Structure formats: C-alpha cells, structure tokens
Amino acid sequence: MELKPFKRESVMPLPVAFISTKSTDGVRNIAPYGCVMPVLRPLDLICIATAKRRDTLDNIRETGEFVVNLAGADFADKVIPTAKAIPADQDEFEFAGLEEKSSKKISAPGIKGCYVWMECELFKLYEEPSYILIMGKVVHLEVADEVYGEDGLCNVDKARPLMMMGADNGMHFCTVEEIGKFEPFAAMFPEGKDPLAKMYKENDSV
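This write-up is about the structure you can find in this document. Note that the structure is a prediction, hence the values are computed from the model and not measured. Position labels on residues start from 1 in each chain and follow its written sequence. Since the coordinates come from a predicted model, pLDDT governs what is reported: local features require at least 70, and pairs of side-chain atoms require 80 or more to be given and counted, while whole-chain, interface and lining totals use all residues. The side-chain numbers reported here are obtained from all heavy atoms of the structure, hydrogens and water having been left aside.

### Re the pairing of strand S9 (residues 116-127)
Here is step 1 of the chain: Two strands pair under a simple rule: DSSP has to find at least two bridges between them. We count a stretch as a helix when DSSP gives it H or I for four or more residues in a row; a strand needs E for two or more, and each element gets its number in order from the N terminus. The sheet contact formed by strand S6 (residues 65-70) and S9 spans six bridges and is antiparallel. The residue bridging Val68 from the neighbouring strand is Met118, located in S9.
Here is step 2 of the chain: The pairing of S9 with strand S10 (residues 132-143) spans eleven bridges and is antiparallel. Bridging across to S10, Tyr126 finds its partner in Leu133.
Here is step 3 of the chain: With antiparallel pairing between neighbouring strands as the criterion, S9 and S10 make up a hairpin whose turn holds four residues.

Written as structure tokens, this is what we have:
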C-alpha cells in the first residue's frame, strides 16, 4: 500500500515527550512533543521539531531553558490537557493537574511522575519557513532509580515509555517492550572495538 508522504507517523512510532518551560514572568508551561531525538551517541545535544507559534518556543527563546520529561504510559491522559491552546498567562501545571519537580541546573521545572528528566539550555535554533528545530544542550540528566539498572539500561518494562502512532482520525498511544536480543556497540566497528567505550566508563554518573 502506498501512502501520502506526510503520513509518516502512521507507520513510525514516536516518543511522547512533555517539554516544560517557564516564562520570564514565571508562568509555567507544558506541551507534548513527538518529534524529539538525541543528536549522535557521543554528544549531549537533543533536537526537537516545533511549529513556529508555540508558547513553549517563546519561553525557550526568552529564557534559553527547558526540560524534556519522558513519561510512562499512565501519562496518556495528560497529552490533550497539555496540548490545548490556553492563554499564555495560565499555569499549565495547574490546568493539567501535574506537580513540578525542581530542577538542579536550570530554573524551568520538571514534571513529577516522569521517569526521565533532561534539563536543557538552548544551543541553537534552526529556522525554516514552516518549522523550527530546537537544539538543546543537556546540562543535567536524571532517571528514576526504579527503572535504571546497573548495566546502564533503562528497563522499558518498568518505565513503559509513552509513545504514539497517528491514524487518519487521531493518535493511538502505545509503549515498547524488550525482545530479548542484544548486540554490543563494538560489533559495528573493525576489530570489535567501540571507540566510545571509555566515555561510558568515565561518565556513567555524576
């Protein structure tokens, strides 16, 4: 079956990340984003694609800060409340019934109940006529103890990451599961040596 090119999310599961910000007036904002990705394995950058008119984008432009919150499947009912267009001076934590988690390195708060919090500072904006790519530098990364193992792996069975696939009439929420298959990074490189292996040992935690 051939599909129209814009229907990529109907065949490509997307993570649902809740981006929390705070305006220069101190108003807290939350918005869900699906187009979120890390930028290469050894880097501390994360990229978010956004429409050009969003309160989240305005806050990031003005303050240079934001938190990428990764939530479990139990946050599915928080997508629409945080996606609704409400006045910019209204507190979206209160509107969505969510509690804030104090950040360690920036003033924008995270969201309690998530399993990962990436505190970010604005690195660069790439502007195009119909969209903007927000490049953020992760300055503090935190994961809930109960989902993170000694092998440096987030247990997806415990975290149940919230994801979404689009259909013609809306969003279908889903999650991911382990399939019991493992390959080391080193398998991709000549002589089975991962050039980034040392980095993991040195920077496993702070």
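### So, the sheet that holds strand S4 (residues 36-38)
Here is step 1 of the chain: Taken in spatial order, the seven strands of this open sheet run S3-S2-S6-S9-S10-S5-S4, and their pairing is antiparallel. The strands lining the two open edges of the sheet, one partner per strand, are strand S3 (28-33) and S4. The mean angle between the axes of side-by-side strands here comes to 30 degrees, regardless of whether they run parallel or antiparallel. Here, axes are lines fitted to C-alpha atoms. For helices the fit covers the stretch in contact, and angles between N-to-C directions go from 0 to 180 degrees.

### Points about the sheet that holds strand S1 (residues 14-15)
Here is step 1 of the chain: Here we have three strands laid out as an open sheet, ordered S1-S11-S12, and antiparallel in their pairing. Taken across any chain shown, the strands that pair with only one partner, and hence form the sheet edges, are S1 and strand S12 (170-174).
Here is step 2 of the chain: Note: strand S11 (residues 163-167) against S12, five bridges, orientation antiparallel. Of the residues in S12, the one forming a bridge with Gly166 is Met171.

### Points about the packing of aromatic side chains
Here is step 1 of the chain: Two aromatic rings, drawn from Phe, Tyr or Trp (for Trp, its six-membered ring), form a pair once their centres lie within 6.5 Å of each other, and the interplanar angle then sorts them: stacked below 30 degrees, edge-to-face above 60, tilted otherwise. Within this structure, the stated rule accounts for two aromatic pairs.
Here is step 2 of the chain: We call a charge positioned over a ring when the NZ of a Lys or the CZ of an Arg lies within 6 Å of the ring centre and within 35 degrees of the ring normal. It is Arg41 that lies over the ring of Phe185; its NZ or CZ is 3.8 Å from the centre.
Here is step 3 of the chain: Residue placement shows Lys101 over the ring face of Trp117; its charged tip is 4.7 Å from the ring centre.

### Some points on the layout of surface pockets
Here is step 1 of the chain: Using a 1 Å grid laid over the protein atoms alone, points where a 1.4 Å probe fits but cannot get out form a cavity; open sets with protein on both sides within 12 Å along at least 5 of 7 lines form a pocket; any residue with an atom within 4 Å of a point counts as lining. Grid points are joined across faces, edges and corners, and a volume is the space filled by probe spheres set on the points. Estimated volume of the largest pocket: approximately 2600 Å³.
Here is step 2 of the chain: If you trace the largest pocket, you find 48 residues lining it, with Met118, Leu141, Tyr148, Gly152 and Tyr200 closest to the centre.
Here is step 3 of the chain: Going through the elements one at a time, S4, strand S5 (45-50), S6, S9, S10 and helix H5 (197-202) are the ones with two or more residues in the lining of the largest pocket.
Here is step 4 of the chain: Of the residues that constitute the lining of the largest pocket, the class distribution is 34 nonpolar, four polar and ten charged.
Here is step 5 of the chain: In this model, the second largest pocket occupies a volume close to 440 Å³.
Here is step 6 of the chain: In terms of lining residues, the second largest pocket is bounded by 16 residues, among which Leu14, Tyr33, Gly34, Cys35 and Met164 are the most central.
Here is step 7 of the chain: Secondary structure elements with two or more residues in the lining of the second largest pocket: S1, S3, helix H2 (79-83) and S12.
Here is step 8 of the chain: Residue classes follow a fixed rule: Ala, Val, Leu, Ile, Met, Phe, Trp, Tyr, Cys and Pro count as nonpolar, while Asp, Glu, Lys and Arg count as charged, and any other residue, Gly among them, counts as polar. By residue class, the composition of the lining of the second largest pocket is twelve nonpolar, one polar and three charged.

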